[in-house]
Amino acid sequence: MYLRPEADRATYSAPEVCIENTPAVTNITKLYTTPLPSTRTGPLYNAFSYPTKISPEAIAVYIAAHTKPGATVLDAFAGSGTTGIATLLCDKPTPEMERMAEALGVTPNWGPRTAHLFEIGTLGSFVSETLCHPPAPDEFLAAVDDFCTQAETRIGWIYETKDDLGRTGIIRHVIWSDVLVCPHCKTEVSRWNATVSTKPLVMASSFRCNACGEQIAIEACERATETVVDAFGRKHRMKKRVLARVHGRTGKSKWQRPPTDEDLDLLAKVAKMKLPTSAPLADIQWGELHRAGYHLGIEKLHHFYTKRNFIVMATLMDLVSEFPVELQASLRLLALSYNASHSTLMTRVVLKKGQSDFVLTGSQSGVLYISGLPVEKNILEGVRRKSKAFVDSFRMLHGSRSKVMVHNRSSESMPLEEGSVDYIFTDPPFGDYIPYAELNQINELWLGRTTDRAREVIVSPSQSKGVAEYGSMMGDVFQEMARVLKTDGMATVVFHSAHSNVWRALVQAYATAGFAVEATNVLDKIQASFKQIVSTVSVKGDPLLLLSKRVAERSSAIPSLSIAAEVIRSAPNGAKLDPQRLYSQFVGRCLELGISVDMGAKTFYELVETETDTVGTVVLS
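Conventions we followed
- Residues numbered from 1 in each chain as written.
- Predicted model: local features only at pLDDT ≥ 70, side-chain atom pairs only at ≥ 80, totals over all residues.
- Heavy atoms only, no water.
- Helix = DSSP H or I, 4+ residues; strand = E, 2+ residues; numbered from the N terminus.
- Core = buried A, V, L, I, M, F, W, Y, C linked by side-chain atoms within 4.5 Å.
- Buried < 20%, exposed > 50% of the residue type's maximum accessible area, 1.4 Å probe, protein only.
- Contact = heavy atoms within 4.5 Å.
- Polar contact = N/O pair within 3.5 Å; in protein donor to acceptor, adjacent residues only side chain to side chain.
- Expected span 1.5 Å × (residues − 1).
- Axes fitted to C-alpha atoms, helices over the stretch in contact; angles between N-to-C directions.
- Parallel < 35°, antiparallel > 145°, perpendicular 65-115°, else oblique.
- Nonpolar A, V, L, I, M, F, W, Y, C, P; charged D, E, K, R; others polar.
- Phe/Tyr/Trp six-rings, centres within 6.5 Å; stacked < 30°, edge-to-face > 60°.
- pLDDT = per-residue confidence, 0-100.
- Salt bridge = Lys/Arg side-chain N within 4 Å of Asp/Glu carboxyl O.

Caption draft 1: Local environment of unusual backbone geometry. Backbone torsion omega between Lys199 and Pro200 reads -5 degrees, so that peptide bond is classified as cis. Mapped onto the secondary structure, Pro200 falls in the loop between strand S7 (196-198) and strand S8 (201-203). The phi torsion at Lys186 lies on the positive side, around 70 degrees, for a residue other than glycine. Position of Lys186 relative to the elements: it lies in the loop between strand S5 (168-181) and strand S6 (188-190). With phi around 60 degrees, Ser464 is a residue other than glycine that occupies positive phi space.

The following block contains the structure:
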């Protein structure tokens, strides 16, 4: 069966097999004609942050268009369980899913299915298991209110403060600042005092040293360090940070001010506190994400936190164990959902044009970055706010007749019967883009168990895994996928890479397993991950492949350079080119035609430049 869409195709064609024009085939053909929208909004997406996540509503439309009720669905790289959530949604479609299906021109067959999710990651499996087996929403809502109220009673004083009028209020968040060292006279000054002006809001890239009068660029300054007693009472050398700004609320009135002696007294009181029993003394296992500069002194989990927020997180985890067993996982997940993104020193402020104040945001996706102005948020307020997304999600999922089985193990060997799966939707790791286990350890250490990195399918120099090792492990997984998939079953694979050798590893993996590409499309993510944004070469829109179990007809007669030129020239004349999207289309075209992807994104972008004029439109010769 060959389902290559007609829209935006190059003049080259692949061998086609005649098939019966059934409604199911029509559905699938339409799915691979229009880019699949994957929004980053809504409670199901926002309940728990996870790298390279796809909206479950979009996956649900694909499942319901590819299969009938009663089918068995597989995700071999389940991540945080979005394919499982999508399977639940197939029996409880939302208005948004109905609108999406109508826009794509497909008629999904809604109803219950069974899903098997394989995920080696400890965190991903925990998230999947919890979200795919939701508690009764009203019981959870009552438990959350009790949970937050008890936490505020026990530890809420830790965020108490006063406004400029002396009225008691609470801290919403505080901004800390690195301390800079003048390269000329060695005088220390906080980055905040040196570079930030609040009226109007400006952050300078250089400053004049008050001691020696020299004008100094920020990047020319060393960061001051100090030896402190950490949360566990151990002496520890780390970057020196000082309290720079306090943002609070008194009643309904929000305010901000410089720190006061009372703020410093509260920190001194916190410094003398004993830690709750659940506070983990755990090492950070560094790999590709370590940076000697801003990770100086970050050796253990608690070094990512202020002591205040480390105490609050440990208090919440202790409190969870006092609730009924059937609610503990969901409450623990609620606390962890706020943890890595908002509770650590990786939380930050950013300066946006036209804003009168810094924009408060969470940690950057896909990295463990600590800025020069880290933020300490009020966790208790944040967890209460975050609970709404969980309650709304559980209302959407609870009562679905679909069944989801989560397997916390490698998908290189699956305990499933041969030919037992009707459809696969999976989103494999993109080579070296995200070292999931290294990233997820911030939450996993609170769960008491981290991922076995030996079986993690990524490119990782720290794990001695190059593209060859990655390709071999991917090959084992695709062999298993082929074994358990029915003869007439199909697999949708979402993949993303700017490197041709990674694409070749993927092709080798699925082709050796007996898969061939029937059609390609692009997954439209509304917002790229931070890792994709800052990569030297990024790819906009993740290529989406439809695979079937047939022997691929490989073609070597057409050079990839010709395919690339055809893709570029097929763009609408006079239109502004998007090189990143065009590269995704180029990759898909090569895979459809059985041509090796031997051109990386950087080389492709250079070709785009040679094919366009100075205003960035296609030059048709």
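Next comes the rest of the account.
Caption draft 2: Up close: the nonpolar core. If you look at the biggest cluster of nonpolar residues, it comprises 167 residues, and the most contacted ones within it are Phe478, Tyr510, Phe586 and Phe604. Top element by residues in this core is helix H10 (residues 307-320). It accounts for 9 residues. Discounting residues that sit within four places of it in the chain, Phe586 has contacts with Ser560, Ile563, Ala564, Val567, Val597, Met599 and Phe604. If you look at the next biggest cluster of nonpolar residues, it comprises 9 residues, including Ala244, Phe358, Leu373 and Val375.

Caption draft 3: Up close: the environment of Leu380. Structurally, the position occupied by Leu380 is in helix H12 (residues 379-397). In this structure, the C-alpha to C-alpha distance between Leu380 and Ala335, residues 45 residues apart in sequence, is 9.3 Å.

Caption draft 4: Broad picture of the side chain of Thr451. As for its placement among the helices and strands, Thr451 is situated in the loop between helix H13 (436-447) and helix H14 (467-484). Here Thr122 takes part through its backbone nitrogen, which lies 2.9 Å from a polar atom of the side chain of Thr451. Excluding residues within four positions of it along the chain, Thr451 makes contact with Ile120, Gly121, Thr122, Ala437 and Glu444.

Caption draft 5: Broad picture of helix H18 (residues 579-593). In this model H18 runs 21 Å from its N-terminal to its C-terminal C-alpha over 15 residues, within 8% of the 21 Å that 1.5 Å per residue would give. Leu582, Tyr583, Ser584, Phe586, Val587, Gly588, Arg589, Cys590, Leu591, Glu592 and Leu593 are the residues of H18 that are buried. Just beyond H18, the residue with positive phi is Gly594, at close to 75 degrees.

Caption draft 6: Structural detail: the packing of helix H7 (residues 137-155) against H12. Across the interface, H7 lies against H12 with an axial gap of 10 Å and an inter-helix angle of 175 degrees. Of the possible angle classes, the one that applies to H7 and H12 is roughly antiparallel. Residues Pro137, Asp138, Phe140, Leu141, Val144, Asp145, Phe147, Cys148, Thr149, Ala151, Glu152 and Ile155 of H7 lie in contact with H12, whose contacting residues are Leu380, Val383, Arg384, Ser387, Phe390, Val391, Phe394 and Arg395. When the residues that make up the contact of H7 with H12 are grouped by side-chain class, the tally is 13 nonpolar, 2 polar and 5 charged.

Caption draft 7: Molecular detail of the packing of aromatic side chains. According to the stated counting rule, one finds 21 aromatic pairs in the structure shown. Between the aromatic rings of Phe478 and Phe515, the centroid separation amounts to 6.2 Å while the plane-to-plane angle is 75 degrees, which identifies the pairing as edge-to-face. One end of the pair, Phe478, is in helix H14; the other, Phe515, is in the loop between helix H15 (500-512) and strand S22 (516-525), and 37 residues separate them in sequence. Note on Phe478: relative accessible area 0%, which makes it buried. Here the aromatic cluster, defined as three or more aromatic residues joined through ring pairs, consists of Phe232, Tyr305, Phe310 and Trp446.

Caption draft 8: Layout of the confidence of the model for the protein chain. Looking at the protein chain as a whole, its pLDDT mean stands at 88, while 89% of the residues score no less than 70. Note that pLDDT drops below 50 for residues 526-539; the model gives that stretch 40 contacts with residues more than four away or on any other chain. Long-range and interchain partners of residues 614-621, a stretch whose pLDDT sits below 50, account for 22 contacts in this model, where long-range means more than four residues apart.

Caption draft 9: H12, seen in detail. The end-to-end C-alpha distance of H12, which contains 19 residues, comes to 27 Å, matching closely the 27 Å that a straight helix rising 1.5 Å per residue would cover. Backbone nitrogen of Leu380 and a side-chain oxygen of the N-cap are separated by 3.1 Å at the start of H12; the cap is Asn378. One or two residues past the end of H12 sits Gly399, with phi positive at roughly 95 degrees.

Caption draft 10: Seen up close, the environment of Leu123. Tracing the sequence through the fold places Leu123 in helix H6 (residues 122-131). We classify Leu123 as buried; its relative accessible area is 2%. With 321 residues separating them along the chain, Leu123 and Glu444 place their C-alpha atoms 5.7 Å apart. Filtering out sequence-adjacent residues up to four positions away, Leu123 remains in contact with Phe48, Tyr50, Asn440, Asn443, Glu444 and Leu447.

Caption draft 11: Spotlight on the side chain of Glu518. Assignment of secondary structure puts Glu518 in strand S22. For Glu518, a relative accessible area of 0% translates into the label buried.

Caption draft 12: Highlighting the pattern of salt bridges. Scanning the entire structure with this criterion turns up 21 salt bridges. Here Arg167 and Asp163 are joined by a salt bridge, their closest N and O atoms 2.8 Å apart. By relative accessible area, which is 41% here, Arg167 ends up partly exposed. The salt bridge partner of Lys240 is Glu188, with a shortest N-O separation of 3.0 Å. You can see Lys240 sitting in the loop between strand S13 (235-239) and strand S14 (241-250) and its partner Glu188 sitting in strand S6, a full 52 residues away along the chain. On the basis of relative accessible area, Lys240 is assigned to the partly exposed category, the value being 24%.

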